[in-house]
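The chain contents come next:
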Amino acid sequence: MIYVSGATLTSGANNIDAIGGTNTASSPGTEQFGVRYSASGGSGSVDAPYAAAGFAYNGVSSPDNIASVAGATATTTYSARYVGNITAVTPSGSYATTLTYTATATY
């Protein structure tokens, strides 16, 4: 299993809203922070809601599961694509975050 966790994009006291646990299309003009993942090779796969064409992010308050595999695999490569959109009234600033990825094995 692979998990992601961390705050949404922030600049001082300001933040960009995390999309949440539903896969959502990128919508410029709407505050959104999200991510989607893809898997290639091996037998690993990306779990919903991160596996579709839109974006999601639900790891702000607790780690969120993003990928899994039913057996041993050493060759799955995971890729991440991030989106950050703002509104016309989003305060200017240098927005950043740190996301933590945790991989656990099941034997």
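Shown above is the structure to which this text applies.
Examining the sheet that holds strand 8 (residues 64-68)
On the basis of which strands lie adjacent, the open sheet formed by 4 strands has the order 6-8-1-10 and antiparallel pairing. Here the strands that pair on one side only, and so sit at the sheet edges, are strand 6 (45-46) and strand 10 (100-103).

What about the side chain of Asn-85?
In this structure, Asn-85 sits in strand 9 (residues 77-85). Since its relative accessible area comes to 11%, Asn-85 is described here as buried. Among the polar contacts listed, one links the side chain of Asn-85 to the side chain of Ser-26, at a separation of 3.0 Å. Sequence-distant contacts of Asn-85, that is, excluding residues within four places in its chain, are made with Ile-16, Ser-26, Ser-27, Pro-28, Thr-30, Glu-31 and Gln-32.

Quick notes on the nonpolar core
Counting residues in hydrophobic clusters, the biggest one holds 14 residues, and the most contacted among them are Val-4, Phe-33, Tyr-37, Tyr-50, Tyr-57 and Ile-66. Breaking this core down by element, the ones donating at least two residues are strand 1 (2-5), strand 5 (32-40), strand 7 (55-57) and strand 8. Top element by residues in this core is strand 5. It accounts for 3 residues. Beyond its immediate stretch of four places on either side in the chain, Tyr-50 contacts Val-4, Val-35, Arg-36, Tyr-37, Ala-56, Tyr-57, Asn-58, Gly-59, Asp-64, Asn-65 and Ile-66.

Concerning the packing of aromatic side chains
Any two aromatic rings considered together are summarised by their centre-to-centre distance and by the angle between their planes. Taken as a whole and judged by the stated rule, the model has 3 aromatic pairs. Centroid distance Tyr-37 to Tyr-101: 6.2 Å. Interplanar angle 85°. Geometry classified as edge-to-face. With Tyr-37 in strand 5 and Tyr-101 in strand 10, the pair connects residues that are 64 residues apart, well separated along the chain. Classification of Tyr-37 by relative accessible area gives buried; the value is 7%.

Comments concerning unusual backbone geometry
Cis peptide bonds are those with omega within 30 degrees of zero, and the linkage from Ala-48 to Pro-49 qualifies with 10°. Locating Pro-49 in the fold gives a position in the loop between strand 6 and strand 7.

About the thresholds
Residues numbered from 1 in each chain as written. Predicted model: local features only at pLDDT ≥ 70, side-chain atom pairs only at ≥ 80, totals over all residues. Heavy atoms only, no water. Pairing = 2+ DSSP bridges. Helix = DSSP H or I, 4+ residues; strand = E, 2+ residues; numbered from the N terminus. Buried < 20%, exposed > 50% of the residue type's maximum accessible area, 1.4 Å probe, protein only. Polar contact = N/O pair within 3.5 Å; in protein donor to acceptor, adjacent residues only side chain to side chain. Contact = heavy atoms within 4.5 Å. Core = buried A, V, L, I, M, F, W, Y, C linked by side-chain atoms within 4.5 Å. Phe/Tyr/Trp six-rings, centres within 6.5 Å; stacked < 30°, edge-to-face > 60°.

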